[in-house]
Amino acid sequence: MDTFTGAERARWVFGSKKRSLLHKYKRNFALSIARNLPVGLQFTPGTRILFRPYVLCAMPTPGRPRVSDAIVEQIRESSVRSPRKSTRRASRETGIPNVTVWRVLRKRLHLKAYKLSIVQHLTDADKVVRKEFCMQMFHRIQDNEKFLDSVIFSDESTLHVSGKVSTHNCRIWGSGNPRASLEHVRDSPKVNVFCALSKERVYGPFFFMETTITGIVYLNMLQEFLIPQLDEGDQEGRIHFQQDGAPPHYLGEVREYLNTRFPGRWIGRAAPIAWPPRSLDLTPMDVFLWGFVKDRVFVPPLPANVVELRTRIAASVAEVTSEMLRSVWQETD
């Protein structure tokens, strides 16, 4: 333990009078002293500084880690043996406190917890079909700059009365616990709705009365609802109809009907213009319409029943203007 000169003590006493800046002054004082320590008191890793009245002491720490290497190895083996187990389960199996397990995994082993994502399996053949589809669309647009203007995009969606919520990222701030508004009904009543989009207008919404959409139900909707509206504006036979690869769309009767109504001009699964399997569905329906509708339907207070839900859906679809659609088509192009 080394003491300091009278001038150094005076600096310490003068600085300590500033109580509000005491901690900051201690740090600055220690740094200024550390630069001029005798050779035998040079700081090394693991050295700590003790402050006492008029005295500054530099003492080495024990240097031992807070958790032994044996415990670290035990936790590492447990995580390697079963990477998906929680820290609580690892704590029960090893008898090591949960906080210690978490700290070792993060600080000593430098591991992080990653969440699983459910994705579609893509084969090499699927990638080839995707590339062929992109090249086919590219050449069509290159040959005819207005090709996208002739495409009618379609899709179905299921909307629940209580909406859908992700408990992982949904938070409601308040001074008290709003228990009623925090309750979310699982499997609430729902509606299946169909819409189609062109550059000029929205076709729909069409509400399926059935709880499950089958190929026959989908075919009846096309024949009785959508196609009669398309016939009004397709006098020259230029419309290209798009649908995704959902099972109801793949029914033989559906494909036969579309081949008759849109010979060589429909896009879908096993269509003249083949929609790639397990595609990203980056259509105006996915990137615009359904998000636009849900943002306006699921606002507090939520719909009380299916009738109100249908009314809100129809009202939100009616808000889509031709200017909005032209902007969406420019982004799609």
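Residues numbered from 1 in each chain as written. Predicted model: local features only at pLDDT ≥ 70, side-chain atom pairs only at ≥ 80, totals over all residues. Heavy atoms only, no water.

Draft legend 1. A look at helix α11 (residues 322–332). Of all the positions in α11, only Leu325, Val328 and Trp329 are classed as buried. End-on, the buried residues of α11 take up no more than an arc of 100 degrees, which puts them together on one face. Exposed positions of α11 whose direction lies more than 90 degrees from the buried face are Gln330 and Glu331. For α11, the secondary structure elements touched by its buried residues are β3 (151–160), β4 (190–197), β5 (202–208) and α9 (284–297). (Buried < 20%, exposed > 50% of the residue type's maximum accessible area, 1.4 Å probe, protein only. Helix = DSSP H or I, 4+ residues; strand = E, 2+ residues; numbered from the N terminus. Arc of directions from axis to C-beta. Contact = heavy atoms within 4.5 Å.)

Draft legend 2. Representation of the pattern of salt bridges within the structure. Counting across every chain of the model gives ten salt bridges. One salt bridge connects Glu308 with Arg312, and the closest N-O pair in it is separated by 3.1 Å. Of this pair, Glu308 and Arg312 both sit in helix α10 (residues 306–318), four residues apart, roughly one helical turn. Using a relative accessible area of 28% as the deciding quantity, one classes Glu308 as partly exposed. On the basis of relative accessibility, which here comes to 18%, the residue Arg312 falls in the buried class. A network of salt bridges, in which partner residues are shared, links Lys85, Arg89 and Glu93. (Salt bridge = Lys/Arg side-chain N within 4 Å of Asp/Glu carboxyl O.)

Draft legend 3. Spotlight on the confidence of the model for the protein. For the protein, per-residue confidence averages 81 on the pLDDT scale, and residues scoring 70 or more make up 72% of the total. When the criterion is pLDDT under 50, residues 51–56 qualifies, and its contacts beyond four places in sequence or with other chains add up to 21 contacts. (pLDDT = per-residue confidence, 0-100.)

Draft legend 4. View of the nonpolar core. If you look at the biggest cluster of nonpolar residues, it comprises 31 residues, and the most contacted ones within it are Leu197, Phe288, Leu289 and Ile313. Looking at this core, the elements with two or more residues in it are α6 (124–143), β3, β4, β5, α9, α10 and α11. At seven residues, the largest contribution of residues to this core is made by α9. Setting aside residues up to four positions removed in sequence, Leu197 forms contacts with Val151, Ile152, Phe153, Val202, Pro284, Met285, Phe288, Leu289, Leu325 and Trp329. Formed by 22 residues, the second largest nonpolar core is a distinct cluster that contains Ile152, Phe225, Leu226 and Phe241. (Core = buried A, V, L, I, M, F, W, Y, C linked by side-chain atoms within 4.5 Å.)

Draft legend 5. A look at the packing of aromatic side chains. Going through the model one piece at a time under the given rule, you end up with seven aromatic pairs. Relative to Trp329, the ring of Phe153 has its centre 5.6 Å away and its plane inclined at 65 degrees; by these criteria the two rings are edge-to-face. Highlighted residues: Phe153 in strand β3 and Trp329 in helix α11, separated in sequence by 176 residues. Chaining the aromatic ring pairs together yields one cluster made of Phe206, Phe208 and Phe225. The cationic tip of Arg269 hangs over the ring face of Tyr250; the distance from NZ or CZ to the ring centre is 3.9 Å. (Phe/Tyr/Trp six-rings, centres within 6.5 Å; stacked < 30°, edge-to-face > 60°. Lys NZ or Arg CZ within 6 Å of the ring centre and 35° of its normal.)

Draft legend 6. The packing of helix α3 (residues 69–81) against helix α5 (residues 98–108), seen in detail. α5 packs onto α3 with a crossing angle of 85 degrees between their chain directions and a minimal axis gap of 10 Å. The orientation of α3 relative to α5 falls into the category roughly perpendicular. Counted together, Asp69, Val72, Ile75 and Ser79 of α3 and Thr100, Val101, Val104, Leu105 and Arg108 of α5 form the full contact between these two elements. Among the residues making up the contact of α3 with α5, the classes are represented as five nonpolar, two polar and two charged. (Axes fitted to C-alpha atoms, helices over the stretch in contact; angles between N-to-C directions. Parallel < 35°, antiparallel > 145°, perpendicular 65-115°, else oblique. Nonpolar A, V, L, I, M, F, W, Y, C, P; charged D, E, K, R; others polar.)

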